[in-house]
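# Residue-level structural notes
Single-letter residue listing:
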Amino acid sequence: MEVKNVKGTKDVYGKEVNGFQYVESVMRAVSELYGFEELRTPVIEHSEVFVRGVGEGSDVVRKEMYTFLDKGGRSLTMRPEFTAGIIRSIVQNKFYATRDLPLKFYYSGPVFRYERPQLGRYRQFNQFGVELVGQNSAQTDAEIIILGYMILKTLGFENLTLKINTLGDDSSRDEYKHALKDFFSQHIDNMCSDCKSRFELNPLRILDCKVPEDKEIVKHAPKINEYLSEEARNRFEYVCSILEYMEIPFEVDDTLVRGLDYYSETVFEFHYTSSKGQNYGAIGAGGHYDKLVKEFGGPDLHGVGFSFGIERVVSVMTDDELLQDDANPLINYIIPISEDQHIPALALATALRVEGFKTEICYDGTKLGTMVKKAVKKNAKFALIIGEDEVENNAVVIKTLETGEQETVEFKDIIDYIDTKLGNDEHHCECGCCDDEEHHEDHCCCGRHKKEN
Ligand code: AMP
């Protein structure tokens, strides 16, 4: 039997896994700067969470969910997105009653959608996102957009395209939906079968259709702009003015409606075309929502959030060489000459690892030259060779692989030797207070920063 991965899923390893870890760590760190903390919700939820949360009219619920009956006959779904589960958790744990508002959570993990796999589109993929719940304002909409933008900037993205739109408030949207129904009723017979269902369930969704002939028709559809209430228009203009003030470039795209039914008012997407010209689709997207918390039985709280597709972010960063080759290179490769030195090698490796140096041991027991070649192939900085004599003398031969230079170093001096070779002994405080010659023993000159070396 040939055992293969499931269509639309993939194994992530090597450089790509480094990319995932780096991207996720930046996303976490920047979100924490904005006061967000992590919330981990289960991968499986009762199907109702997504049917009610994401909306019956959405493609995700209509045809993309991995839904199954468990052995107890419950209908469960593997999350196709995070927001509904996060809101379910907020309501169930009554965070709105026990914590200050707004609640600010970020999340990270796999999601599952039964879509047609293609470039940048998988059936299992990873999302990182944030939700801010319990404050309803143009300012928080803008702050969330700014957070998304800052994450991408920190990752090194230039020439981003930020598209934003408003879906207006309920009354604007109801009027707009009527106008869309009127318009599409003259065309729907010639449109795709998905659009036919969208016409019945939620005509807004038609604006999102990717079929080229349908897109032509959509171009002539009425625009939300003409149906906005004064309040909704003011709010959107306020969001835009904040972005302008912050000098964040954006374009208003009045066909942007997002695929999930819960959005209202501000919606946005981040796009980026890599220098290779590959377009992976939106790398991140989000918006404001006003009914989700109530839908799950909680109070009348609004929220705003976004979600990045990690695979897409890593793909464009790989194309544009925005990822470091090896973010965590091997420092030491310890080569015991024979089995007799395996235990001292292990002890030495442990001491080096405790000091934070990435270290491996070669247990091959082959010719020294072969083992040194292996160290070079592994891109290690140093080969630490231990033979019988070295153990006898409490020392090790350290070969700097880049220069070929080698020295015998006593065990007690190894850490200092490596630190010096790596240039780690030149301590500079981030604030620059130590840039002068005078260093204090165990703290920086300014006294605010702990001296590390
Ligand atoms: P959504 O939850 O649909 O708003 O999607 C948020 C982000 O997830 C998108 O901007 C994409 O970056 C990513 N994404 C959505 N669907 C897929 C998919 N099938 N495969 C990979 N990434 C996806």
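Residues numbered from 1 in each chain as written. Predicted model: local features only at pLDDT ≥ 70, side-chain atom pairs only at ≥ 80, totals over all residues. Heavy atoms only, no water.

### Here's the deal with the site of the ligand
Threshold: Summary of the distance rule: residues count as near a molecule or strand when at least one heavy atom falls within 4 Å of that molecule or strand. Each polar contact in these results corresponds to two N or O atoms within 3.5 Å; when the atoms are within protein, one needs to be able to donate a hydrogen and the other to accept it, and residues that are neighboring in sequence are counted only if both atoms are side-chain atoms. The Shrake-Rupley method, run with a 1.4 Å probe sphere, supplies the accessible areas, and residue values consider only the shown protein chains as cover.
What surrounds the ligand is a group of 16 residues, the closest being Arg 113, Glu 115, Tyr 122, Arg 258 and Ala 282. Within the contact set of the ligand, an oxygen atom lies 3.2 Å away from a side-chain nitrogen or oxygen of Gln 127. A distance of 3.2 Å separates an oxygen atom of the ligand from a polar backbone atom of Gly 309. If the ligand stood free it would expose 490 Å²; the protein chains cover 94% of that surface.

### Looking at the confidence of the model for the protein chain
Counted only if it meets this: By definition, pLDDT measures how confident the predictor is in each residue, and it falls between 0 and 100. Contacts are assigned to residue pairs that have any heavy atoms within 4.5 Å of one another.
The predicted model of the protein chain has a mean per-residue pLDDT of 92, with 94% of residues at 70 or higher. Ignoring residues within four places in sequence, the model shows residues 445–453, a span with pLDDT below 50, making 23 contacts including any to other chains.

### A look at the packing of helix 1 (residues 14–33) against helix 12 (residues 310–319)
Defined as follows: Helix axes are fitted to C-alpha atoms over the stretch in contact, other axes to C-alpha atoms as well, and angles between N-to-C directions run from 0 to 180 degrees. Here a strand is any run of E in DSSP of at least two residues, a helix any run of H or I of at least four, and the numbering for each starts at the N terminus. Working definition: roughly parallel below 35 degrees, roughly antiparallel above 145 degrees, roughly perpendicular at 65 to 115 degrees, and oblique for all remaining angles. Left-handed describes a crossing whose near helix is turned anticlockwise from the far helix through less than a right angle; right-handed describes the clockwise counterpart. Here the nonpolar group is Ala, Val, Leu, Ile, Met, Phe, Trp, Tyr, Cys and Pro; Asp, Glu, Lys and Arg are the charged ones; every other residue, Gly included, is treated as polar.
Contact pair helix 1 / helix 12: the axes reach a minimum separation of 10 Å and the direction vectors enclose 115 degrees. Taken together, the axes of helix 1 and helix 12 are roughly perpendicular relative to one another. For the element pair helix 1 and helix 12, the recorded crossing hand is right-handed. On helix 12, the residues that touch Glu 16, Gly 19, Phe 20, Tyr 22, Val 23, Glu 24 and Met 27 of helix 1 are Ile 310, Glu 311, Val 313, Val 314 and Met 317. Taken together, the residues of the contact of helix 1 with helix 12 sort by class into eight nonpolar, one polar and three charged.

### Focus on the pairing of strand 16 (residues 406–410)
Our working rule: The pairing criterion is simple: DSSP has to find at least two bridges between the two strands.
Where strand 15 (residues 395–400) meets strand 16, five bridges bridge the pair, whose relative direction is antiparallel. For Lys 399, the partnering residue across the bridge sits in strand 16 and is Gln 406. The turn joining strand 15 and strand 16, which pair antiparallel and follow one another in sequence, is formed by five residues; a positive phi near 85 degrees is taken by Gly 404.

### Here we look at the pairing of strand 3 (residues 66–69)
Relative to strand 4 (residues 75–78), strand 3 runs antiparallel, the two sharing four bridges. Directly across from Leu 69, in strand 4, lies its bridge partner Ser 75. The turn linking strand 3 back onto strand 4 is made up of five residues, and Gly 73 within it adopts a positive phi angle of 80 degrees.

### What about helix 1?
One turn of an α-helix holds 3.6 residues; hence residues three or four places apart share an orientation. This is how the line gets drawn: The span expected for a helix works out to 1.5 Å for each residue beyond the first. Accessibility here uses a 1.4 Å probe with only protein chains present; expressed as a share of the type maximum, an area under 20% marks a residue as buried, one over 50% as exposed, and anything in between as partly exposed. What the arc covers is the set of directions going from the helix axis to the C-beta atoms.
The first and last C-alpha atoms of helix 1 sit 29 Å apart over 20 residues, in line with the 28 Å expected at 1.5 Å per residue. Every buried residue of helix 1 is accounted for by Gly 19, Phe 20, Val 23, Glu 24, Val 26, Met 27, Val 30 and Ser 31. When helix 1 is viewed along its axis, its buried side chains cluster within an angular range of 160 degrees and face the same direction. Exposed residues pointing more than 90 degrees away from the buried face of helix 1 are listed as Gln 21 and Leu 33. On its buried face, helix 1 is in contact with strand 5 (103–112), strand 6 (124–133), helix 6 (138–154), strand 11 (303–309) and helix 12.

### A word on the pattern of salt bridges
Formally: Only one rule defines a salt bridge in this text: a Lys or Arg side-chain nitrogen within 4 Å of an Asp or Glu carboxyl oxygen.
Evaluated as defined, the whole model comprises 29 salt bridges. Note that Arg 198 is salt-bridged to Asp 59, the shortest N-O span being 2.8 Å. Of the two residues, Arg 198 is situated in helix 8 (residues 193–201) and Asp 59 in helix 3 (residues 59–64); the sequence distance between them amounts to 139 residues. The pair formed by Arg 198 and Asp 59 is uniform in burial state, with each residue classed as buried. Across the pair Arg 62 and Asp 194 runs a salt bridge, and its minimum N-O distance is 3.8 Å.

### Side note on the sheet that holds strand 14 (residues 382–386)
Pairing within the open sheet is mixed, and its five strands lie in the order 13-12-14-15-16. The two strands at the open ends of the sheet, each matched to only one other strand, are strand 13 (359–361) and strand 16. The average angle at which neighbouring strand axes cross in this sheet is 25 degrees, direction not considered. As paired strands, strand 12 (residues 332–336) and strand 14 are joined by five bridges and run parallel to one another.

### Side note on the nonpolar core
To be explicit about the condition: Among buried residues, the Ala, Val, Leu, Ile, Met, Phe, Trp, Tyr and Cys ones that are joined through side-chain atoms within 4.5 Å form a nonpolar core.
Formed by 53 residues in total, the largest nonpolar core has its most connected members in Val 54, Ile 87, Ile 90, Val 133, Phe 184, Ile 206 and Leu 207. Setting aside anything within four residues of it in sequence, one finds Ile 90 in contact with Phe 95, Tyr 96, Leu 103, Phe 105 and Val 133. Judged by nonpolar contacts, the second largest core, of 44 residues, contains Phe 20, Val 26, Tyr 149 and Ile 242.

### Comments concerning the sheet that holds strand 3
Read from one edge to the other, the open sheet built from three strands follows the order 2-4-3, with strand pairing classed as antiparallel. Edge strands, defined here as strands with exactly one partner in the open sheet, are strand 2 (44–46) and strand 3. If you compare each strand with its neighbour and ignore which way they point, the axes differ by 35 degrees on average. Bridge analysis of strand 2 against strand 4 gives three bridges, and the strand direction is antiparallel. The residue bridging Glu 45 from the neighbouring strand is Thr 77, located in strand 4. Sheet strands in contact with helix 2 (residues 47–54) are strand 2, strand 3 and strand 4, and its direction is about 75 degrees off that of strand 2.

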